[in-house]
Every structure is written in structure tokens, then in C-alpha cells.
Amino acid sequence: MTIGAFAFRDLCVKKGGECVSNSIFDIVKTPNDVTTTTINYPYNGTIFIASEIGGVKLKSGFEIESAEAIRLFYFLKEDNQTRNTMWLKKFIETASKMKKEEGMTISYFTSISREEEFEKSSDSIIPLFSLTYALAINFSIISCLRLDCVRNKVWVATFGVLSAGMAVLSSFGLLLYCGMPFAMTVATAPFLILGIGVDDMFIMISCWQQTQVHDNVEDRMAATYKEAAVSITITTLTDALAFYIGLLTPFGSVQSFCMYTGTAVLFCYLYNITFFGAFLALNGSREKGNRHWLTCMKVPEPEENSKKYNLCCVGGAYDHETGKEEVMPINNFFKMYYGPFLTKTWTKVFVILLYAGYLGSSIYGCFQIQEGIDLKNLAADSSYVGSYYDNEDQYFSEYGPNVMVVVTDSKFQYWDKTARKRLDNCLERFESLTLDGRSLVAKNMTLSWLNEYVKVINPNNETIFMDSLPAFLQRSDFTQDVNISNKVIIASRMFIQTINVSTAVDEKNMLNKLRETANGCSEKLVVYHPAFIYFDQYAVIVSNTIQNIVVATLAMLVISLMLIPNPICSLWVTFAIASVIVGVAGFMALWDVNLDSVSMINLVICIGFSVDFSAHISYAFVSSKEVTANKKAVDAVYHLGYPIIQGAVSTILGVVVLSAAESYIFRTFFKIMFLVILFGAVHGIVFIPVFLTFFGICGGKGPTICHIFFRTVSSGLEGGVIPMEHSLYHLVEFGSVSALKMVKIAESSL
């Protein structure tokens, strides 16, 4: 194959002036030799051919009867990476057009394939961005749509989605300008930020609707921020902190994702309370002037108790009893039907049983979690990389990695018999390793330049040893295995052949055992294989996941204690975090999602999102002015049930398009986010309200505090100091009992 003026022979690694050949071609020189040549397996003479011949069936002993696959290697020199990359791209293009003979399949792979296919996988979801934002805008508009042409919130919803988009652009632009690496996993962040931003928007709109329509816009905005600010601040702090805690992980892709997403969350919060808040105020001015949502022309108000308003010419209706915007039917559903139903005794029993089933299934799933990621899953489903990995697993999985054992001590005396004996003992310790009763390293298959050298020379003299070594290395093809400088061996390597390594857990255990053995040797040894960069994540993924979850959960507890005015309810929020994490971890295993660096990112996300719904509902429960715990629960779901559902649906819509992605990474992101939002929402509007009713203390002391306060001011009333209306005003301000009940207390006291 030729690229420009360069052919393969110009780029290849050479031996004796010729390109390094594949061993199988040295054994079988012509097609006729296939049936006449005896080939042994896994070693044919001194040549290890198990990496080149796969799907082997043996006659007797080590002689091959048949083989199903042949793997060929072509090595390039590393002196010109630009030229090599051009040649490899041309190779991929040519291989993809190769004609396949009947009954034969061809798969191929290069040193740049993994990186290129990862980038293509990321690029494949770019068209989904527009679809996602279209879905989000449409859902936001539909959920904020009103038949009243004045109270309609179409533009508010649109600018809420725009605010989330601006947060993504600002955060990504800032970090890219600062030189922060952009990993493929970051491509999922815009979908996530859209859900977070829209969720906060729904909370602010809900609080706006609870304000007095005839108040000044400034007063309505103050009341809106008074109710919404704490809630969205809690969720922003918890989300951002969860992501930034993810920076503790040693994985670069996770760090990149967490940095971009955490920063985007902060920008999202900033734009929500500034840009979106400003537009909410402008929209409030339009409503104050009773102007049409589209034309901004003034329209007549409907008469009291009249339903004659529409999208065209009449609007501005409100509840004349409360002075607030008319309650949406879905809110009435939560107040009149769902809330009372949820607080019935038999419903609570059912909810407890339902939670027990959820928790039991989750714990069972946690014990089914598998570790590790299949490397083919890092590329798109249609990628040629997947075909190569499938064939490799099918035909070449009997023997694992051929691992280097590197002697790093430049003072090691290779010519000393005692030193060589110590090194041989170390290599024997590698060969004796077992895993679950199975051998981990093949015996008598260790390849050592030193053992071959001592067979041809008496190496006990340093001068003779070093003088004869270069010529031996050239003759025996061991040149790459010894690093010599000024007649000093800086480092050298041997190879051990691993076996019975088929799963990610096997790879992790193999890596740990090899490193433990190397560290336990008397000589300075290092074990290495290019695949160890992937095995390393298996070794630390569990400990890092647990570390991030524990640290983040404790941080969430501290934030909840600071911002929710009751420690018991803060503990319930922490409980919800733990419960959702267990549920997501368990059900993701049942949904065939392994624990790897990709799912670890999502479990970190889980911590932040599991706070959102429970924090909203817990804060609403604490802040409720109702007397009993049941009524507080009804009031909480009345005010926040619909916004929670809106936020959950909008977040799921933000990531649902990823379920159609060709990449395992993005499908995994969808699966775990779906579980997080589903379980978080169920905790927010089902489990937590019921559990809070068992602890009425979360709402304060109720009538007891109010009654003591009333007795204090009533003594003043008897003395003619404090007017009745003044005392009632302050009692209502405390919000412990209703005004009607206070009047009855006053009457009985006076």
C-alpha cells in the first residue's frame, strides 16, 4: 500500500533490511505448505503462535489439526507519527473496501482506531441536540400553556429553556478558553443541564403563581424569590457539589465531565435568577397591564365568577377569594384527590410495603453488579472496531496478555549467578500464581533474553558479559528487550504468558496479583502491558465509587442542615439520597449496565438529582402553615407535586433521545438518568411525603407554640394595650394555626 511517495516498506519496522514478517508466513511459505506442514500450538519451536492462529483444534499433543482464524500484525516505525497516521487512515479505508471470499470474514484494527471511533461516537449525537431542545421547548410550552390570553406563560417557558442553553454555552466556552480537556463523556452534559434548568424554571413559575396578582411586580418577584430561592439554591449547591466531588476520581474522562457539568450547573443557577428572573418580571408587567401574551395589546378582564376568557380577546382571570392566579386542574388533583388518598392509613401501609419491595429488589440487584467495560462498547455499534473485538474474543481468548516483567534496577548484576537465581525465583513465583484454583500464568512459557544468553556464553565475568551482549541481541531478535547505555544495562524485560483471563474481574485480579508479586520480589520489578491502562480502572472503580458517594452524601447532609430549618427533615433528605443510590445501583445491574467509569459518572449525578425532589418536598413540608402532619403532606404535594412531575418529565425528555444513540456510553447515560429521575420523583411525591407524616416534628410544634404566644398577647388585650387585630396579625404571621381557629381561641379566652 502506498501513500504519496511512501509505501509500507518505507515505514515498516525492519530486521536485516526487510520488513518484520508474521510468524505464520515464516512457517507456511506457500499455499501448498498448509496441508503438508506440521504446526504445533501454542509454541511452534521457539515461536509463540497463539496470538496469530485462533480457533485451534488439536490432533494429539500439540499438533494443530485445524484453525478457524489467522491474525496478522504489521508494525510501523515511530519516527514520523504524521506519516504513520496518514498511512493508517489509508489502510482503514482500503480494508473497509476489501472483497470477502465466500465463507470468510475480515476484521481489522489499528493503533488509531480506538481514538478515531471514540470521536465519531461523540459526533454521532450532535444531531440529537436540536431534537432534544425542540422536545424540551414543546413540553415546557405545553405544560405552561393557559387558556387565559393574559396568564399564558408560553414566552416564559421558552426563555426558561433558552436560559439553560445559555448556561451550556457560557460554561463550555469558559472552560475551553481556559484549556480544560473536552472528553467524549462531556457530550452528554447539555442534555443534563437542560433538565436541571427547566426544573428550576418550573419551581419559579409555580411560586410566581402563588403570589397576589394585584401586587406590584416588585412585590410579586420578592415573594417568588422568597419561596423559590432557597429551594433552587439547595438543589444547585447539591448538584454542583456532587459534580465537583467527582473531580476526586483519578479518571480524566470523569474529571472532565464533572468540571464541565458542575460549572454549567452554576451558570444555570446564575441565569435562572438573573436572565430568566428578569424576563419573568417583564412578563409580570405585561400581566399587570392585562395585555395579550402574543400581541401585548390590552384586553378586557372577565367578569367575576365568569369563565368567559380565551386565548384571543378576554383574559386576566384570577381567584377572587385568594387574590392569586387560578389554580390549574392538575394542582387541584393533588390537593383534592392525590394528597388525601396518600395520607389514608391503608395507603401508607401499601406505600411501606411498596418501598420494602423496592428496597429488596434494589439490594438484590446490587449483589448482581458486574465490573468492567467491554472495550468495543466505547465505539459506535456499527463500528468496525466492534467486529474486531468480537472475533478476538471468539478466537483468541484462550491466552491472555503477554505481560512484560521489567527489571528497572540499573545496578542489577546480570552476570552474577546469585543475582540471576533471585530473578529466576521471582519469575517462578509469577508462574505459580493461581486465581480461583486456576493457573494465572502459563508454566514454561516465560520468554527471557537472559536465559537464552546464558545458554551460549559463560556470563559470570562482567567484561565478557557486556562485550558479547550486543552481538547476541542482534542475532537473537532481543534488541528491543535490553536498554544499554555506556555498557550499563539501564533496564531489561522478560515476558510471561497469562491464561484463563476472560472477564473484567479476571483482568482486575490478574493485574493486582501480578503487581503484588512484583512488589514482593527482592529485585526492582515492574509489570506492564498496554491494556493495563484499562485494567487499572477495574482495580479502583469500586473504591472510587464508594468514596465519591460517601463524601457527596455527607456534603449533601451538611447543606441540607444549613438550608432546611429542621435537622430531622435534613436526615430524611439524606435518607432519600441513600435510598435512590441503592435503587439506581441495583436496577442498573438488572438492566445489564456494568460498574465502570461511565456508570460511575452517572452514580455521582445520582447524588445531586436524588436531592432535588426530596429537598423540594421536604422544604415545602417544613414551611407549610398547616397544623397536622397529614395536612402538611397534602399541602406540600399540592404546591410541588406538579412542578416535580414537570421537572422529572422535562429531564427525561432531555435525555430520552440518547436511548436511540449508537454508542453504549450514551445509552448507559440514558438508562441511569432514567432510573435516577424515576426513583427520585417517586421518592419526592410518594415515599418522602408518607414518611414525613410519621414525624410531625418536622413541621414545628404547631398549636402549642401558637397558644403560648396568644396567651402572652391576650394578657395585653385584657390590659387594653394591644388591639385584637394586631394580635391576630402577628399570630397569622407565625403561621401555626389558621385565622379562623385563632378567632375561636380569642373568643374563648376573652
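Reading the values: rules and limits
- Residues numbered from 1 in each chain as written.
- Predicted model: local features only at pLDDT ≥ 70, side-chain atom pairs only at ≥ 80, totals over all residues.
- Heavy atoms only, no water.
- UniProt positions renumbered as here; feature names shortened; annotations may be inferred.
- Axes fitted to C-alpha atoms, helices over the stretch in contact; angles between N-to-C directions.
- Helix = DSSP H or I, 4+ residues; strand = E, 2+ residues; numbered from the N terminus.
- Left-handed = near helix turned anticlockwise from the far one by under 90°.
- Contact = heavy atoms within 4.5 Å.
- Nonpolar A, V, L, I, M, F, W, Y, C, P; charged D, E, K, R; others polar.
- Pairing = 2+ DSSP bridges.
- Salt bridge = Lys/Arg side-chain N within 4 Å of Asp/Glu carboxyl O.
- Buried < 20%, exposed > 50% of the residue type's maximum accessible area, 1.4 Å probe, protein only.

With an unreviewed UniProt entry as reference, the chain is termed Patched domain-containing protein 3, source organism Salvelinus namaycush. Turning to the chain, the UniProt annotation filed under Sequence similarities (unreviewed entry) states: "Belongs to the patched family." Within the UniProt record for the chain, the comment given under Subcellular location (unreviewed entry) is "Cell projection, Cilium, Flagellum membrane".

1. A few points about the packing of helix α6 (residues 126-144) against helix α7 (residues 154-177)
At their nearest, the axes of α6 and α7 sit 8 Å apart, and the two run at 150° to each other. Helix-helix and strand crossings are classified by hand; for α6 and α7 the assignment is right-handed. Residues Tyr133, Ala136, Ile137, Ser140, Ile141 and Cys144 of α6 lie in contact with α7, whose contacting residues are Val154, Ala157, Thr158, Val161, Gly165 and Val168. Of the residues belonging to the contact of α6 with α7, the class tally is 9 nonpolar, 3 polar and no charged.

2. Observations regarding the sheet that holds strand β15 (residues 488-499)
An order of β14-β15-β11-β16 is seen for the 4 strands of this open sheet, with the pairing classed as antiparallel. Strand pairing shows two members of the sheet lacking a second neighbour, β14 (482-485) and β16 (525-528), which therefore form its edges. Taken pair by pair, the neighbouring strands of this sheet meet at an average axis angle of 15°, ignoring direction. In the sheet, β14 pairs with β15 via 4 bridges, with the strands oriented antiparallel. In the strand pairing of β15, Ile484 is matched with Ile489. Across the sheet, helix α14 (residues 417-431) lies against β11 (399-407), β15 and β16, angled at about 35° from β16, the strand it touches most. Running over the sheet, helix α15 (residues 449-456) touches β14 and β15 and is turned about 110° from β15.

3. Considering the pattern of salt bridges
Taken as a whole and assessed by the stated rule, the structure comprises 19 salt bridges. A salt bridge links Arg83 to Asp79; its shortest N-O distance comes to 3.9 Å. Owing to a relative accessible area of 18%, Arg83 belongs among the buried residues under this scheme. A residue is classified by how much of its surface remains accessible, and Asp79, at 56% relative accessible area, is exposed. A salt bridge links Lys89 to Glu116, with the shortest nitrogen-to-oxygen separation between them at 3.8 Å. Placement of the pair is Lys89 in helix α4 (residues 81-96) and Glu116 in helix α5 (residues 113-123), with a sequence separation of 27 residues. Salt bridges sharing common partners tie together Arg151, Lys153, Arg220, Glu287 and Glu325.

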